[in-house]
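Structure at a glance
One letter stands for each residue in the lines below.
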Amino acid sequence: MNKDIRNVVKQLLDDYLETNKLRKTPERYAILEAVYSLEGHFSIEDIDEYLSKNNFRVSRATLYNNMRLFMKLRFVVCHRLQSGTKYESSYDNNHCHQICTVCGKVTEMNLPDVMDVINKTKLKRFRKDSFALYIYGMCSTCQTRLSKRKKTKINSKDIKTE
């Protein structure tokens, strides 16, 4: 992730913690660094593994509590996917996903026309921070498997009737 984005998010976290008289713990900043270092979708286990590789251990409760805080601050978005709960850094990160309803594969898509429409949309009494779009369907791999199964069934019926 862009170093400028990391600095902005870190400053926003500093401001929030100071304003709300919360502690600036090394664990919070290590978890935030992990979130903005991991690419794409990641799990709590991925964050834990990243921190362990960097010789920084935190409890599960600390991980979950800070992820809730980061979601509240819109630094992280939570995706409930077929493969489980995944997270993604979300500050200045608008994008679209296509999700296969058969195998659960998630692919990020760049749809500039959709982005333009959303960015130009004026909302009453509401400030947009970011967005995510989910398009559900069947990936080409699952479509191919389904077609092969259908052909196999048709062929086996033809063989039985002869």
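Presented here is a report on the structure given in the accompanying data block. (Residues numbered from 1 in each chain as written. Predicted model: local features only at pLDDT ≥ 70, side-chain atom pairs only at ≥ 80, totals over all residues. Heavy atoms only, no water.)

**Regarding the side chain of Arg28**
Stated precisely, the cut-off is as follows: In this text, helices come from DSSP runs of H or I with a minimum length of four residues, and strands from runs of E with a minimum of two, each type numbered from the N-terminal end. As used in this structure description, the phrase polar contact means that two N or O atoms lie within 3.5 Å; if the pair is within protein, one of them must be able to donate a hydrogen and the other to accept it, and residues adjacent in sequence are counted only when both atoms belong to side chains. Whether two residues touch is decided by their heavy atoms; if any such pair falls within 4.5 Å, the residues are in contact.
Along the polypeptide, Arg28 turns up in helix H2 (residues 26-37). At 2.4 Å, the side chain of Arg28 and the backbone oxygen of Arg23 are in polar contact. With near-sequence residues (within four places) excluded, Arg28 lies in contact with Leu17, Leu22, Arg23, Asn66, Leu69 and Phe70.

**Focus: unusual backbone geometry**
Note the cut-off: A 1.4 Å probe rolled over the protein chains alone gives each residue an accessible area, and that area as a share of the maximum for its type sets the label: buried under 20%, exposed over 50%, partly exposed in between.
Even without a glycine there, the phi angle at Lys21 is positive, about 55°. Examined against the element boundaries, Lys21 turns out to sit in the loop between helix H1 (3-19) and H2. The backbone of Asn55 shows a phi angle near 55°, a positive value even though the residue is not glycine. Examined against the element boundaries, Asn55 turns out to sit in the loop between helix H3 (44-53) and helix H4 (60-72). On the accessibility criterion, Asn55 (72% relative accessible area) is exposed.

**Details of a positive patch on the surface**
Spelled out, the test is: Patch membership requires more than 30% relative accessible area and the absence of a salt bridge. Residues of like charge join within 9 Å; the nonpolar side chains Val, Leu, Ile, Met, Phe, Trp and Tyr join within 5 Å. In these tables, accessible area is a Shrake-Rupley quantity obtained with a 1.4 Å probe, and a residue counts as shielded only by the protein chains included in the view. The salt bridge criterion pairs a side-chain nitrogen of Lys or Arg with a carboxyl oxygen of Asp or Glu, the two atoms within 4 Å. Note on charges: Lys and Arg go in the positive column, Asp and Glu in the negative column, and His and the chain ends are not counted at all. Taken as the charge centre is NZ of Lys, CZ of Arg, CG of Asp or CD of Glu, depending on the residue.
Taken together, the side chains of Arg145, Lys148, Arg149, Lys151 and Lys153 make up a positively charged region of the molecular surface. Tracing the backbone through its elements, the reader meets Arg145 in helix H6 (residues 140-161). Classification of Arg145 as partly exposed rests on a relative accessible area of 47%.

**Some remarks on the nonpolar core**
To keep things clear, this is the line we draw: We define the nonpolar core as a collection of buried residues of types Ala, Val, Leu, Ile, Met, Phe, Trp, Tyr and Cys that are connected through side-chain atoms lying within 4.5 Å of one another.
One finds Leu13, Ile31, Val35, Ile47, Met67, Phe70 and Phe75 to be the most contacted residues of the largest nonpolar core, which totals 26 residues. If you list the elements that add at least two residues to this core, you get H1, H2, H3 and H4. The greatest single-element share of this core, amounting to seven residues, is contributed by H2. Apart from the residues lying within four places of it in its own chain, the contact partners of Leu13 are Tyr29, Leu32, Leu69, Phe70, Leu73 and Phe75.

**With respect to the sheet that holds strand E5 (residues 132-137)**
For clarity, the threshold we go by: Being paired, for any two strands, means DSSP has found at least two bridges between them. Note on geometry: axes are C-alpha line fits, over the in-contact stretch for helices, and angles between N-to-C directions span 0 to 180 degrees.
Read from one edge of the open sheet, three strands run E4-E3-E5, paired in mixed fashion. Sheet topology places strand E4 (106-109) and E5 at the edges, where each strand pairs with a single neighbour. With direction set aside, neighbouring strand axes in the sheet form an average angle of 25°. Both strand E3 (residues 95-100) and E4 contribute to a ladder of four bridges, which runs antiparallel. The residue bridging His97 from the neighbouring strand is Glu108, located in E4.

**Thoughts on H3**
Heads up, the condition is: The directions from the helix axis to the C-beta atoms are what the arc is built from.
Within H3, the full set of buried residues consists of Ile44, Ile47 and Leu51. Burial along H3 is one-sided: seen end-on, the buried residues are contained in an arc of 60°. On its buried face, H3 is in contact with H2, H4 and strand E2 (84-89). Just beyond H3, the residue with positive phi is Asn55, at close to 55°.

**Digging into the environment of Arg57**
For Arg57, the position within the fold is in the loop between H3 and H4. On a C-alpha basis, the gap between Arg57 and Gln82 in space is 29 Å, while along the polypeptide they are 25 residues apart. Within polar-contact distance, the side chain of Arg57 engages the side chain of Ser52 at 2.6 Å.

**Concerning the packing of aromatic side chains**
What counts, and what does not: To pair, rings of Phe, Tyr and Trp, with the six-membered ring standing in for Trp, must have centres within 6.5 Å; the planes then decide the type, stacked if under 30 degrees apart, edge-to-face if over 60, and tilted in the middle.
One pass over the full model with this rule turns up three aromatic pairs. Seen from their ring centres, Tyr134 and Tyr136 are 6.4 Å apart, and the 20° between their planes marks the pair as stacked. The exposure class of Tyr134 is partly exposed, given its relative accessible area of 30%.

In short, the description is geometric, and any link to function would need to be established separately.
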